[in-house]
Amino acid sequence: MIFFNTKKTVFFITKEFNKVIKSRCDIILSPEFYWVKKIDLNIKSSYQVKKMAPSIFDGVIPKGDYEYRVFKIAKNRYLLIAFDIRYILKQISDLGIELKFVDRIFTAQSEFQGDDISLKIDDNYGLINVEGILAKVPIKLLESDAQIDNVLIDKKVSNNYIYSSSLQKVNLTHKDFKTLLLLLLLLNIFLISSIVRNKKNISLIESQKAQFIRKNSLPATSFQIKSMEEELKKREKIQISIREAIEYLANFKLSKSEYFTLLKYNDKTLFYKILLNGKKREKEFKNYLLKYRKKDIKIEELR
Amino acid sequence: MSLYRTILALVFISLVLGGYLFYFDKEYKKATKEFESFRKKSENYLKLKKKWVQKEEKDRVLKSIKARFKPSLYKKSSNSLLIEFKNLDERSFKIVGDIFLNSGFVIKKFDIKKDSKKLFFHIEVEI
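Each value, and the rule that gives it
Residues numbered from 1 in each chain as written. Chains lettered and ligands numbered in written order. Predicted model: local features only at pLDDT ≥ 70, side-chain atom pairs only at ≥ 80, totals over all residues. Heavy atoms only, no water. Helix = DSSP H or I, 4+ residues; strand = E, 2+ residues; numbered from the N terminus. Contact = heavy atoms within 4.5 Å. Areas by Shrake-Rupley, 256 points an atom, 1.4 Å probe, with all protein chains shown as cover. Salt bridge = Lys/Arg side-chain N within 4 Å of Asp/Glu carboxyl O. Polar contact = N/O pair within 3.5 Å; in protein donor to acceptor, adjacent residues only side chain to side chain. Pairing = 2+ DSSP bridges. Axes fitted to C-alpha atoms, helices over the stretch in contact; angles between N-to-C directions. Parallel < 35°, antiparallel > 145°, perpendicular 65-115°, else oblique. Left-handed = near helix turned anticlockwise from the far one by under 90°. Nonpolar A, V, L, I, M, F, W, Y, C, P; charged D, E, K, R; others polar.

Asks: Would you explain the overall build of chain A in this entry?
Replies: When you go through chain A residue by residue, the secondary structure sums to eight helices and 13 strands. A fraction of 57% describes how many contacts in chain A between residues 6 or more apart in sequence connect residues 24 or more apart. Summed over its atoms, the accessible surface of chain A is roughly 19200 Å², and 54% of this surface lies on carbon and sulfur atoms.

Asks: Can you help me understand the interface of chain B and chain A in this one?
Replies: Accessible area lost upon the coming together of the parts is a frequently used measure of interface size. Tallying the contact residues gives 49 residues for chain B and 55 residues for chain A. At the boundary of chain B and chain A, one finds two salt bridges. E126 of chain B serves as the salt-bridge partner of R235 of chain A, at 3.3 Å between the closest nitrogen and oxygen. Linking chain B to chain A there are twelve residue pairs in polar contact (both at pLDDT 80 or more). For the side of chain B that touches chain A, the element with the highest residue contribution is helix α1 (residues 2-52) of chain B, accounting for 32 residues. Examined bridge by bridge, strand β11 (residues 259-266) of chain A and strand β3 (residues 106-115) of chain B share five bridges and lie antiparallel to one another.

Asks: Help me understand the pairing of strand β2 (residues 80-88) of chain B, please; the structure alone is not making it clear to me.
Replies: Looking along a regular strand, one sees the side chains alternate between the two faces of the sheet. Residue and element names in this part refer to chain B. The sheet contact formed by strand β1 (residues 73-76) and β2 spans four bridges and is antiparallel. From the neighbouring strand, L73 faces β2, where its bridge partner is E84. Connecting β1 to the next strand, β2, in antiparallel fashion are three residues. As judged from the seven bridges shared by β2 and strand β4 (residues 118-126), these two strands associate in the antiparallel manner. Looking at the pairing, L81 lines up with V125 of β4.

Asks: What should I look at first to understand the packing of helix α2 (residues 55-69) of chain B against helix α3 (residues 90-101) of chain B in this one?
Replies: A pair of packed helices can be characterised by two numbers: the angle between their axes and the separation between those axes. All names here are of chain B. In contact at an axis separation of 12 Å, α2 and α3 are set at 165° when each is read in the N-to-C sense. Taken together, the axis directions place α2 and α3 in an arrangement best described as roughly antiparallel. Helix-helix and strand crossings are classified by hand; for α2 and α3 the assignment is left-handed. Every residue of α3 that contacts α2 at V61, L62, I65, R68 and F69 is listed here: S92, I95, V96, I99 and F100. The residue inventory of the contact of α2 with α3, partitioned by class, reads eight nonpolar, one polar and one charged.

Structure (structure tokens):
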């Protein structure tokens with residue numbers, strides 16, 4: 001079941017093209033719109049060959065703002081295409097084709113490369129493959145009556161377009177692309193260095209924590225620290241209470257001949273023995289002790 | 001269109017790296033926050049520990065008491081110390097008592113008896 005018909009019409013364009021295009025389409029250019037050169041070079045990558053393309057075409061083709069495509073067709077054998085996209089777009093416009101209907105433009109070279117073809121373009125010209133290079137030739141040189149329009153109905157185009165309206169919409173030139181590329185590279189370098197810095201900082205914090213734990217002989221988790229702290233707090237509470245109880249006893253004003261004969265602490269109880277001058281003083285002391293409100297430590301007289 | 005593809009690839013790589021950076025930045029902030037919180041929690045514990053546990057300081061004090069006041073009993077076990085003074089005068093008792101009662105010694109028990117003008121002081125502390 002087909003839900004969407006995504007296939008676009010493909011037109012083969014020559015300089016004599018005279019049809020009216022009123023819907024979005026892809027265009028395959030006749031060889032007269034670009035230059036092709038087959039070359040044998042002892043170079044392994046197309047990328048290196050592409051860098052050399054301007055010097056390869058220098059003096060061979062008219063002056064223009066050319067872009068290049070390189071196809072590796074065999075070991076050390078390359079096929080180079082030079083095209084001036086502004087010139088091509090102008091030519092297409094001059095043929096009466098509105099550019100808003102043109103999605104992508106391809107070369108016949110990229111779309112029929114490797115096919116042993118012999119196709120009629122119109123009543124005068126045809127397209128044939130001459131030793132790997134697509135050429136527009138007079139019709140009498142054709143070996144068959146096959147029409148290119150019939151072939152284009154089922155033609156699946158490649159990804160080797162030389163123009164795409166979606167790219168043109170953002171209106172970027174080759175130079176803009178290079179600047180964008182540079183900016184993206186810088187952004188990536190920044191991101192990588194930030195990631196490395198963050199990773200280093202994380203390990204630094206981890207090592208600082210480990211050092212802090214080691215230096216202070218601490219347990220590894222906050223939970224353990226909390227429980228040890230609670231234990232120490234309990235201990236502190238009792239120790240402070242012992243000292244408060246002693247202080248309370250010591251704060252009772254004794255006269256010259258009066259003194260404690262014993263002060264003993266054991267098992268949360270502070271025992272005392274005191275020598276006081278008479279019953280009145282003993283009563284005063286007992287009343288004083290009754291005011292002692294702390295519950296943690298008891299104060300008792302040892303009998 | 002290789003330049004275009006390279007740009008797309010770089011945008012994709014940037015997004016992935018951006019994701020990583022976001023993750024590591026979050027991890028870094030989390031680690032910093034955790035360490036700060038751990039340090040704060042430890043500070044209270046360390047203060048208490050310094051006050052009630054610090055062995056080195058206590059050892060130094062005990063050594064000085066032992067040398068100056070010649071206790072009649074000075075017995076250390078694994079976690080406690082028994083120390084006893086039989087004939088302390090008031091002044092010496094004030095000093096010794098002050099050391100044990102106004103510092104971080106954890107008192108287990110003590111016993112003070114006054115007989116005529118001399119004082120008997122027996123104390124057991126945690127060490």
